[in-house]
Structures are given as C-alpha cells and as structure tokens.
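# A look at the structure
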Amino acid sequence: MSHETQTRTFDEKLDALGHIQRRTLLRALVTSNPQDDESVVIDASESADTELARLVELQHITLPKLEAYGFIRWNRKTNEVSKGPTFEEIRPLLELLVDHEDQLPGGWL
C-alpha cells in the first residue's frame, strides 16, 4: 500500500499525536531545519528499567505506528527516523502545537 496516495483522517492524525513519545518525535522532525532534511537518530542505550520500558514502547509501538501512518521513515538498522511520505499532512497540527507551546500545560510537548 502506497502512503503517497493516502490521505490520513483527522482522527488518525490525532491518534499519532495522542502520546507524548510520538509528539516529541514528530516535533523534533518539524523543528529540524527543512533545508537539511536531516534524520533524527534514536538513542538505543539502556540504562534503567524505565529506560528499557521506554525503548520497548518506542520500538514496538511508537515507531511502527508512525511508520504505518506514513508520517516517518524508520531505518531499523541505524535507528534513524526521517520525515515520511505523509508527513506534510500532519505538519499543520505540529506547527500549531509548536507555535503555542508556551500556552500549553507542561509535559504536552
């Protein structure tokens, strides 16, 4: 199934933004310099039980979900994440959050 021809529903976009880990990752992609078109590298180091749980969630829920929506491309070998083919569909919501970050409750982004 090609992400290029799919349009994500508003509910799917909200689902993608429905967890702090997904918002943080997408925010990093939207605030990176678009001229650079850089990837974000995921730190896969494990230092504590909570870190391990966070990494398991990242690799088994967060990244696969965002990749399935087409918002990211995920290189599992290098742990690099870049903007996916449908990233531009979620950009307006991300920019809205980033532009009003100072007005949002703590911990939302």
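Figured I'd write up the structure that's included with this text. (Residues numbered from 1 in each chain as written. Predicted model: local features only at pLDDT ≥ 70, side-chain atom pairs only at ≥ 80, totals over all residues. Heavy atoms only, no water.)

It is worth spelling out the overall build of the chain at this point. Per the secondary structure count, the chain includes 4 helices and 3 strands. For the chain, buried positions account for 33% of its 109 residues. A fraction of 61% describes how many contacts in the chain between residues 6 or more apart in sequence connect residues 24 or more apart. (Helix = DSSP H or I, 4+ residues; strand = E, 2+ residues; numbered from the N terminus. Buried < 20%, exposed > 50% of the residue type's maximum accessible area, 1.4 Å probe, protein only. Contact = heavy atoms within 4.5 Å.)

Attention now goes to unusual backbone geometry. Backbone geometry places Asn79, a non-glycine residue, at a positive phi of 60°. Considering the arrangement of structural elements, one finds Asn79 in the loop between β2 (72-75) and β3 (80-83).

With that settled, consider the pattern of salt bridges. Enumeration over the complete set of coordinates arrives at 6 salt bridges. The partner of Glu101 in a salt bridge is Arg27, with the nearest N and O atoms 2.6 Å apart. Residue Glu101 is located in the segment after α4 (87-99), and its partner Arg27 is located in helix α2 (residues 20-31); the two are separated by 74 residues in the primary sequence. Its salt-bridge partner being Glu95, residue Arg91 comes within 3.5 Å of it at the nearest N-O pair. Highlighted residues: Arg91 and Glu95, both in helix α4, separated by 4 residues, approximately one helical turn. Given a relative accessible area of 15%, Arg91 falls into the buried group. (Salt bridge = Lys/Arg side-chain N within 4 Å of Asp/Glu carboxyl O.)

Our next topic: α2. Compared with an ideal rise of 1.5 Å per residue, which puts 12 residues at 16 Å, α2 spans 16 Å between its outermost C-alpha atoms and is within 8% of the ideal. Three or more residues of α2 are buried, namely Gln21, Arg22, Arg23, Leu25, Leu26, Leu29 and Val30. (Expected span 1.5 Å × (residues − 1).)

Attention shifts here to the environment of Thr31. Along the polypeptide, Thr31 turns up in helix α2. Considering only alpha carbons, one finds Thr31 and Leu94, 63 residues apart in sequence, at a separation of 9.2 Å. For Thr31, the side chain forms a polar contact with the main-chain oxygen of Arg27, separated by 2.9 Å. (Polar contact = N/O pair within 3.5 Å; in protein donor to acceptor, adjacent residues only side chain to side chain.)

Now for the packing of α2 against helix α3 (residues 49-69). Following both chains from N to C, one finds α2 and α3 inclined at 65°, their axes separated by 10 Å at the closest point. One way to sum up the angle between α2 and α3 is to call them roughly perpendicular. The chirality of how α2 crosses α3 is right-handed. Contacts from Gln21, Arg22, Leu25 and Leu26 of α2 reach α3 at Arg54, Glu57, Leu58, Thr62, Leu63, Lys65 and Leu66. By residue class, the composition of the contact of α2 with α3 is 5 nonpolar, 2 polar and 4 charged. (Axes fitted to C-alpha atoms, helices over the stretch in contact; angles between N-to-C directions. Parallel < 35°, antiparallel > 145°, perpendicular 65-115°, else oblique. Left-handed = near helix turned anticlockwise from the far one by under 90°. Nonpolar A, V, L, I, M, F, W, Y, C, P; charged D, E, K, R; others polar.)

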